[in-house]
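An overview of the molecular structure
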Amino acid sequence: MTPAVVDDDPPSGSPARSRRRMVAGLMGGALVGKLLGFARELTMAQVLGASLVADGFRGALTAILLPLAFLQNESVPAIMIPGQRDAQLRGDAPERLAALTVALTLLAVVLMLAVQAAGAWWVDAVVGGFVAEGRAMTLDFVRIMALGMPASVALNCLAAGEIALGRARLTNLRAGLLNVCIMIGLVLLALTGRIDLLAWAFTIAFNSLAAWGVWALWREGHLSLAGARPALVMEAGLDFLGRLRPLLALPFAEQINIWVERLMASRIGTGTVASMDYARTLTDSALLLVSQPVGLGVLSSRPPADQRARIEALAAPVLALALPASAFLVVFAPDVVRLVFFRGAFTEQGVVLTSQTLRGIAVGLWASTLGWILLRTLNSTGRNARAAFVLVTAYAANVAVNLATSGLQQSTDAGPLLLGLGEAVRSLVLLGGAVLALECRGRIAVLVLIGCGPAAVMLGAGWLIQDEIAGLVPRLAAGAAACLATIALAAAVLMPATCRAVLAHIRDTAVNRWRRR
């Protein structure tokens, strides 16, 4: 069976230009997805707040995504994208993508059936700190949302295959469609009072987009049904598992980390699980808008001749932006949460829980932003085992901090802050491990030390603003101005040549316009 339309047009422009277009597309799609995700979280805060229903829905998300970690975590694109890139050179990329998608989707079907069979036990293991009503509600969510597990895995495979082609359509659509469907589910919940509609919205989103992705890639000739033969499916699945073996510790470490965090959060009190996700709505911007698109662009390109120069060129602007921004969130976390979420069902308790979590995560936000990009650099050069070791060590550090502080989490009012600081430790270990694994570790360390100067200026200015300005909006406006000023200062000290070139271009443009008058 042949596809209806085959797109044989070669990509236009140089490979470097194509990669830049793809990275720009990923950033644009991530921005749209982030805006929709932000709207989703605002809607959820308005309708549910930091309540038992919000905790149950997020607990169910964890329960269905944990078993899928090794099929759709960060190791999958690290394996699939280079593999598909090589398959394109051999000429069998459509068959290989179809075979691997079928193989991993079948594994996801088995995991879905296991979750359905062990539903009550599994929910107790994930969020055992919930009250009985919360566990029962979470189980109801899991029964419905588990129906989207196979589609989620299939969609992840298809998206990785597209990125290998230099396109980001499914990657960009995934987050956007899911966010829109969840918002529709929230509106229907508010109108009808039926909380199950929220779970159905999640399931319908994944199944619909996966079906469309299969049809679209087949129609364009990038997915061949000839690859769905049992022998090819078995071969592709075994090949993937073989490549996954050096990274196998990674999904298990991620699962354990998420499980421990959710379990600890469920024991602190109602609303803590939801508050952690509300905080991540703000901090994940760095990952979605910077780390993910840049990292995937690095992963989809051939390693350059001068790897050290590329790493330094990536690190300097990231640090110039991320260090002052992290310092801003540390100081102004309560004000940001109050401005963004404090309305509707989102109470003062939600502000306290979410701002504590946000402040803790922000301590290491700059490190995770750069660390993920450097980790992709390791993947792009084939050092997957080393990258996996770095990431597993980071997750282990996070788990160790959460377990070591479990008593304080429940006996003090700083439980969410301690969980946030656990994630900050993970970010710092991630960056440190990635830097040690690369050949330009000394230069990266120097850049970090230089960038800490503007960040310290932001911290000092922020505390001064907190003491001197009373109103919420004026205080945040002054803090944002200080943040922009320190970002400019960081750019000046980390990228002096680039800044001089930009200023010279602005000056020349202004002079030319004045002369034309």
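Data block above holds the structure.
Figured I'd write up the structure that's included with this text.

Describing the overall build of the protein
On a plain count of helices and strands, the protein comes out with 22 helices and 0 strands. Considering only contacts in the protein between residues 6 or more positions apart, those separated by 24 or more positions represent 83%. Total accessible area computed for the protein in this model is approximately 21800 Å², and 67% of it derives from carbon and sulfur atoms.

Considering the packing of helix α9 (residues 169-192) against helix α10 (residues 196-219)
How two helices sit against one another is set out by the angle between their axes and by the gap between those axes. The N-to-C vectors of α9 and α10 enclose an angle of 150°; their axes lie 8 Å apart at closest approach. Here α9 is positioned roughly antiparallel relative to α10, judged by the angle of their axes. Remark: the crossing between α9 and α10 carries right-handed chirality. For the contact of α9 with α10, the per-class residue count stands at 19 nonpolar, 3 polar and 2 charged.

Points about the side chain of Ser-355
Structurally, the position occupied by Ser-355 is in helix α15 (residues 348-362). For Ser-355, a relative accessible area of 8% corresponds to the buried category. Not counting residues up to four positions away in its chain, the partners in contact with Ser-355 are Ala-333, Pro-334 and Val-337.

A word on helix α20 (residues 441-468)
If you check α20, its first and last C-alpha atoms are 41 Å apart, about what 28 residues at 1.5 Å a residue would give, namely 40 Å. The axis of α20 is deflected most strongly, by about 25°, at Gly-453, and proline Pro-454 appears within four residues downstream. Among the residues making up α20, those that are buried are Ile-444, Leu-447, Val-448, Gly-451, Pro-454, Ala-455, Met-458, Gly-462 and Ile-465.

Here we look at the side chain of Ser-152
Mapped onto the elements, Ser-152 comes out in helix α8 (residues 149-164). On the accessibility criterion, Ser-152 (3% relative accessible area) is buried. Each residue touching Ser-152, except ones within four places of it in the same chain, is listed here: Gln-72, Arg-174 and Phe-206.

Description of the packing of α8 against α10
It is at 9 Å that the axes of α8 and α10 come closest, and there the two elements cross at 40°. Between α8 and α10, the crossing angle belongs to the class labelled oblique. Every pair of crossing elements has a handedness; the one defined by α8 and α10 is left-handed. The residues of α10 that touch α8, namely those facing Ala-151, Ser-152, Leu-155, Leu-158 and Glu-162, are Phe-206, Asn-207, Leu-209, Ala-210, Gly-213, Val-214 and Leu-217. In terms of residue class, the contact of α8 with α10 is made up of 8 nonpolar, 3 polar and 1 charged.

Here we look at the pattern of salt bridges
Considering all chains together, one arrives at 16 salt bridges under this definition. A salt bridge links Arg-194 to Asp-196, with the shortest nitrogen-to-oxygen separation between them at 2.8 Å. For Arg-194, a relative accessible area of 45% translates into the label partly exposed. Glu-220 is the salt-bridge partner of Arg-219, the closest N and O atoms lying 3.8 Å from each other. The exposure class of Arg-219 is partly exposed, given its relative accessible area of 29%. Each of Arg-40, Glu-41, Arg-58, Glu-261, Arg-262, Asp-277, Arg-280, Glu-423 and Arg-426 takes part in a single network of salt bridges with overlapping partners.

Structural notes on the environment of Thr-377
In this structure, Thr-377 sits in helix α16 (residues 365-380). Given a relative accessible area of 0%, Thr-377 falls into the buried group. Spatially, the C-alpha atom of Thr-377 lies 8.0 Å from that of Ile-311, the residues being 66 residues apart in sequence.

Description of the environment of Val-331
Following the sequence through the fold, Val-331 ends up in helix α14 (residues 307-341). C-alpha of Val-331 to C-alpha of Trp-463: the two residues are 132 residues apart in sequence and 6.7 Å apart in space. For Val-331, the contacting residues outside a window of four places in its chain are Arg-359, Leu-459, Gly-462, Trp-463 and Gln-466.

Some points on the packing of aromatic side chains
Two measures describe an aromatic ring pair: the distance that separates the ring centres and the angle between the ring planes. Within the structure shown, the criterion is met by 7 aromatic pairs. Note on Phe-57 and Phe-141: the rings are 5.7 Å apart at their centroids and 80° apart in plane angle, and the pair reads as edge-to-face. Of this pair, Phe-57 sits in helix α2 (residues 52-65) while Phe-141 sits in helix α7 (residues 132-145); the two residues are 84 residues apart in sequence, bridging distant segments of the chain. Of the two residues examined, Phe-57 and Phe-141, each falls in the buried class. Judged by centre distance (5.3 Å) and plane angle (75°), the rings of Tyr-278 and Phe-346 are edge-to-face. Of the two residues, Tyr-278 is situated in helix α13 (residues 272-300) and Phe-346 in the loop between α14 and α15; the sequence distance between them amounts to 68 residues. Exposure class is identical for Tyr-278 and Phe-346. Each is buried. An aromatic cluster of at least three residues, connected via ring pairs, comprises Tyr-278, Phe-341 and Phe-346.

Describing the environment of Ile-204
Along the chain, the position of Ile-204 falls in helix α10. Take Ile-204: its relative accessible area is 49%, and that puts it in the partly exposed class. Spatially, the C-alpha atom of Ile-204 lies 9.7 Å from that of Ala-151, the residues being 53 residues apart in sequence.

Definitions and cut-offs
- Residues numbered from 1 in each chain as written.
- Predicted model: local features only at pLDDT ≥ 70, side-chain atom pairs only at ≥ 80, totals over all residues.
- Heavy atoms only, no water.
- Helix = DSSP H or I, 4+ residues; strand = E, 2+ residues; numbered from the N terminus.
- Contact = heavy atoms within 4.5 Å.
- Areas by Shrake-Rupley, 256 points an atom, 1.4 Å probe, with all protein chains shown as cover.
- Axes fitted to C-alpha atoms, helices over the stretch in contact; angles between N-to-C directions.
- Parallel < 35°, antiparallel > 145°, perpendicular 65-115°, else oblique.
- Left-handed = near helix turned anticlockwise from the far one by under 90°.
- Nonpolar A, V, L, I, M, F, W, Y, C, P; charged D, E, K, R; others polar.
- Buried < 20%, exposed > 50% of the residue type's maximum accessible area, 1.4 Å probe, protein only.
- Expected span 1.5 Å × (residues − 1).
- Bend = angle between axes of the 7 residues up to and from the residue.
- Salt bridge = Lys/Arg side-chain N within 4 Å of Asp/Glu carboxyl O.
- Phe/Tyr/Trp six-rings, centres within 6.5 Å; stacked < 30°, edge-to-face > 60°.

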